[in-house]
Structures are given as structure tokens and as C-alpha cells.
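Structural overview
Letter by letter, the chains look like this.
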Amino acid sequence: MNTGRLALDIETASPHGPPRDFTNTDKFELVAVGLGYRTDGGDVEVTVCRRQGDWGVEHTANLLREVVEWCEERDGPVLTYNGTHFDEQHLRAWADHVADAGAWPGAPARVEALFSDHIDLGPLAAEAFPHAVNAGRDIPALWKACEEAGIEQPSVWYDDYDLPADYLEQLGIDGSAVKGAHVGTALGEAYVDGVAAGIDGTRTHDELVRLLEDYASGDIEPLFALHDALKRANARQ
């Protein structure tokens, strides 16, 4: 019997102002969730669930439900990287929020069940690669853990997308590769604004969707590979 594993990575925006406390869910909104599923010896199935409306609570509830239902159709523990202090923490808080608002009363219990077998790879990476943990941090950065394990993380390059010449400048983005900070400070909000304005189907919006989906899915396969590498590394210790 094959044993399955899930992987999860959330993408957020901060339309209400830059966060100073990354544990404060009030400073974050859910934009998209990269999801993966793999059985032992099988290929990785990857999907991205995106917000389909403005910042209203009903759209948070709809996205949460889509994520939970996708995972419930598959079996196995959920892999994250630093999810205990970010992905899981915020998903639980959003579940409470949508339940309190009456948008999805069952959300807390369903999210609780989703994380019942959660495996946070961050502490495992710190155990396997203690020399890779920077001062003042508890775990190595994901890119560093992947580097230590010999795992390639794909990069998403702006030049691969047909965006207007001044688009990134207008969003205050400087750089050739997409970063999580870009999604959090500009790209995520631009995407949701576009959905709310009904500009789906325009070239710029569609390219932004493609970029966000590529970025959100980019760390999913590496999470499975990192989990395998960390099990081997920690077994040797």
C-alpha cells in the first residue's frame, strides 16, 4: 500500500500595511496556496488555489474550503517549511475568523484535522544542518536547507512573463527574480485588485496569474525532496 504525503505553502499579501509582527494574522491576507501530493515512488501532483475575489471574508472562506477539500481527497501528513509559525498558524487564525463571521462555521475543525499530522521541515533541517542556522534564527532559510541537501529550487524570472515595460517599476519592484517579499508587498495585492475589478482575461492580469502560480508551486516539489533528504541525514546521526 502506497503512503501519501501532502505539501503546503501559502502566499500572502499585506494590503492593510506592512507587518512588523509576522505572527499577527491581522496584518496578512491569504492570496494563494501551493499544494502538492506524492505517493511513495510516484510523481508529484501540484496545484495552486487562488483567491477569487476581494479581501472580503467570504473569499477567504472559499479559498480555505478549496484548500481543505483538495487535501481531504488525498491521504498523508502535511509537509511545510516553518509552517508551525507561519502557514499553519495563519490558516488556523483565518479559519477562526471565517467561522466567527459565519462564512464557514466548520472551518476550525477541518483545518485542525488537516494539520493533525503536520511535519514542519524547519526544525528537522536545523537538526541535520546546525551549521546552516544563522545567528538569531532557529532554523536555516529554506534555500540554505535545500542547498545543504543538494536540492535545486526553481527560480521564477520576470523576463519570462509578458508584463508591460513599466509594470514592475509602478509596483515598486526592483529585481530580476520573483521573491516572497514581492508577492507580500505588491504582486499579491495587484492580483486581488485585478480580480475584484473584473479584469480577468486581460494580458497583464493573465500573465500575473501565471507568474503567481509558477511561484506558489515552485517550492512544492523541493519540500518532498527535502523531507526525503532530511530523513536520510537525521537517520545517520
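Small disclaimer: the values here were computed from a predicted structure and weren't measured. (Residues numbered from 1 in each chain as written. Predicted model: local features only at pLDDT ≥ 70, side-chain atom pairs only at ≥ 80, totals over all residues. Heavy atoms only, no water.)

What follows covers the environment of His90. Here His90 lies in helix α2 (residues 87–100). Owing to a relative accessible area of 0%, His90 belongs among the buried residues under this scheme. Sequence separation of His90 and Asp160 is 70 residues, and the distance between their C-alpha atoms is 31 Å. Side-chain polar atoms of His90 contact the side chain of Thr25, separated by 2.7 Å. (Helix = DSSP H or I, 4+ residues; strand = E, 2+ residues; numbered from the N terminus. Buried < 20%, exposed > 50% of the residue type's maximum accessible area, 1.4 Å probe, protein only. Polar contact = N/O pair within 3.5 Å; in protein donor to acceptor, adjacent residues only side chain to side chain.)

A few words on the sheet that holds strand β3 (residues 44–50). The strand order across the open sheet built from 5 strands is β3-β2-β1-β4-β5, with neighbouring strands paired in mixed fashion. Where the open sheet ends on each side, the last strands, each with one partner, are β3 and β5 (119–120). Pairing of strand β1 (residues 4–13) with strand β4 (residues 78–80), which is carried by 2 bridges, proceeds in the parallel orientation. Looking across to β4, one finds that Ala7 is bridged to Leu79. The strands that helix α8 (residues 203–217) touches are β1, β2 (29–39) and β3; relative to β3, the one it contacts most, it runs at about 130°. (Pairing = 2+ DSSP bridges. Contact = heavy atoms within 4.5 Å. Axes fitted to C-alpha atoms, helices over the stretch in contact; angles between N-to-C directions.)

Moving on, we get to the side chain of His182. Inspection of the secondary structure puts His182 in helix α7 (residues 180–197). Judged by relative accessible area, which is 9%, His182 ranks as buried.

With 14 residues, α2 ought to run about 20 Å at 1.5 Å a step, and its terminal C-alpha atoms sit 20 Å apart, in line with that. Residues of α2 that are buried: Asp87, Glu88, His90, Leu91, Trp94, Ala95, Val98 and Ala99. Remark: Gly102 follows α2 within two positions and exhibits a positive phi of approximately 80°. (Expected span 1.5 Å × (residues − 1).)

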